[in-house]
Amino acid sequence: MELLYQRILFLGNVLVGTCVNIFAIVAIVHGRLYKQKSFTFVLSLFISNLLFCSIGTPISTSSVFLPESQKDSLCPFSGFLIFSLSGITYWSLALVSINRYVYIVHFTRFDAIFSRRNTGIIFIVTWLYYPIVFSLPMAEIWGHYDFVVNRHVCTPLAANNGFRLFVLFSAFIFTGLPITFCYIAILWKAKKTANRVEIADRVISIRQRRERQLVQSVIAMISVFAFLHIPFLITNLVDSSMNALDTWIHYSALFLVISSYWVNTITYSFMNQQIKASVVKLLRRLFKAEETNLRRANTGRI
């Protein structure tokens, strides 16, 4: 029965995550928001979320239901896909935070920093760095993949070696440090801006409104990200061998982490007025097309 519940939960996660991210990507493309520099990194994040939900999640959970003979043969390939897609997603999230930080705190330098050339280079590095890194243990050039039975995952980080330290250091430098810095800097900027605004002045410029919206969206996205990942980090620190805590606690924490790949998409889309407007316009167009088809069908019957 427990295995059945796990299958239902993770299958539901795959379906919901795939549908949510596809719809968000279509909304950005339909509204032509991708032409704005501030949305190119958001689109990259949604695409990486989609790939993890549609490919990474099924692979990461398939080991629970496969026989032992197949787990060993699929271990390096599945580990490579899972960790590569996770790395791209986390780096994309950090880039969204950096992009918003530059726009809010260093607005005059925004166009120069995120020029078409620089943005292209950033995308290439983002989508190639972690696949190259995690291909090294798959080819047994540096490190190796091990299947951790209790966690049902194939990982290159099980052994306490140089590769593990390198990956953790990279994750801290490229993800943890930028997100933390941008989070604090954006909050500080928002506080200073709020203190400068006089109560008598009710006129708020378009840029100030946009900055406020960006501050709220980034804070919400990072807060949700932290909320969904902290239980998994705590369970790993407290019970790394999965012997002290019940199994359902570990799987619940894992489920929250996997859910973050579509919950973050919903959070950011809901907090961003332009994406929200594009979603509403897309829904109206879909329902209008459905109503037109129904009218034609009814007219044909008559």
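Residues numbered from 1 in each chain as written. Predicted model: local features only at pLDDT ≥ 70, side-chain atom pairs only at ≥ 80, totals over all residues. Heavy atoms only, no water.

## Let's talk about the nonpolar core
Selection criterion: Each nonpolar core is a collection of buried residues, namely Ala, Val, Leu, Ile, Met, Phe, Trp, Tyr and Cys, held together in the definition by side-chain atoms within 4.5 Å. Categorising residues by exposure relies on relative accessible area from a 1.4 Å probe, with only protein chains included: less than 20% of the type maximum marks a residue as buried, more than 50% marks it as exposed, and the intermediate range marks it as partly exposed. In this description a helix means any DSSP run of H or I spanning at least four residues, a strand means any run of E spanning at least two, and both kinds are numbered starting from the N terminus. Residue contacts follow a heavy-atom distance rule, with two residues in contact if any of their heavy atoms lie within 4.5 Å.
With 58 residues, the main nonpolar core has I28, V42, F46, V96, F134, Y268 and I275 as its most contacted residues. Those elements that provide at least two residues to this core are α1 (2-30), α2 (37-62), α3 (68-105), α5 (116-138), α6 (162-196), α7 (206-238), α8 (247-271) and α9 (273-301). With 15 residues, α3 is the largest single contributor of residues to this core. The residues touching I28, leaving out its near neighbours within four places in the chain, are L33, Y34, V42, L43, F46, I275 and S278.

## Some points on the pattern of salt bridges
Spelled out, the test is: Any Lys or Arg side-chain nitrogen found within 4 Å of a carboxyl oxygen on Asp or Glu counts as a salt bridge.
For the coordinates displayed, the defined rule picks out one salt bridge. Among the salt bridges present, the one from K37 reaches D111, with a minimum N-O distance of 3.5 Å. Of this pair, K37 sits in helix α2 while D111 sits in helix α4 (residues 110-113); the two residues are 74 residues apart in sequence, bridging distant segments of the chain.

## Regarding the side chain of S97
Tracing the sequence through the fold places S97 in helix α3. On the accessibility criterion, S97 (0% relative accessible area) is buried.

## Side note on the environment of F147
Inspection of the secondary structure assignment puts F147 in strand β1 (residues 146-148). Spatially, the C-alpha atom of F147 lies 6.5 Å from that of C75, the residues being 72 residues apart in sequence.

## Examining a nonpolar patch on the surface
Our working rule: A residue counts toward a patch only above 30% relative accessible area and without a salt bridge, and it is joined to like-charged neighbours within 9 Å or, for Val, Leu, Ile, Met, Phe, Trp and Tyr, to nonpolar neighbours within 5 Å. Values of accessible area rely on a 1.4 Å probe in the Shrake-Rupley scheme; residue burial ignores everything except the protein chains shown.
Residues I230, I234, L237 and V238 make up a contiguous nonpolar surface patch of roughly 430 Å² in combined accessible area. For I230, a relative accessible area of 43% corresponds to the partly exposed category.

## Concerning α8
Rule in force here: Take the residue count of a helix, subtract one, and multiply by 1.5 Å to get its expected span. Bend at a given residue is defined as the angle between two axes, one fitted to the seven residues that end at that position and one fitted to the seven that begin there.
An ideal rise of 1.5 Å per residue puts 36 Å on 25 residues; α8 measures up with 35 Å between its terminal C-alpha atoms. Within α8, the axis deviates most sharply at S260, by approximately 45 degrees.

## Looking at the packing of aromatic side chains
As a reminder, the rule being used: Note on ring pairs: Phe, Tyr and Trp rings are taken, using the six-membered ring of Trp, and paired if centres are within 6.5 Å. Classes follow the plane angle, with under 30 degrees stacked, over 60 edge-to-face and the rest tilted. In our convention, an over-ring charge means Lys NZ or Arg CZ found within 6 Å of a ring centre and within 35 degrees of that ring's normal.
Enumeration according to the criterion identifies 19 aromatic pairs in this entry. Summarising the aromatic geometry, the rings of W91 and Y129 are spaced 5.3 Å apart at their centres and angled 90 degrees between planes, so their arrangement reads as edge-to-face. Here W91, found in helix α3, pairs with Y129, found in helix α5; they are 38 residues apart in sequence, far enough to count as distant. Like Y129, W91 is buried. In textbook terms, an aromatic cluster arises when at least three aromatic residues are bridged by ring pairs, as seen for F83, W91, Y129, Y130, F134, W142, F163, F166 and F174. R100 extends its terminal NZ or CZ atom over the ring of F39, reaching a point 6.0 Å from the ring centre. The aromatic ring of F270 is capped on one face by K276, whose charged end is 4.6 Å from the ring centroid.

## Considerations on unusual backbone geometry
One non-glycine residue with positive phi stands out, namely R32, at about 55 degrees. Look at E140: it is not a glycine, yet its phi comes out positive at around 60 degrees. Structurally, E140 is set in the loop between α5 and β1.

## Notes on the confidence of the model for the protein chain
Under the convention used in this document: Looking at any residue, its pLDDT shows the predictor's confidence there, from 0 to 100.
Of the residues in the protein chain, 77% reach a pLDDT of 70 or more, and the chain-wide mean stands at 79. Least confident of the elements in the protein chain is α9, whose mean pLDDT is 71; most confident is α5, at 92.

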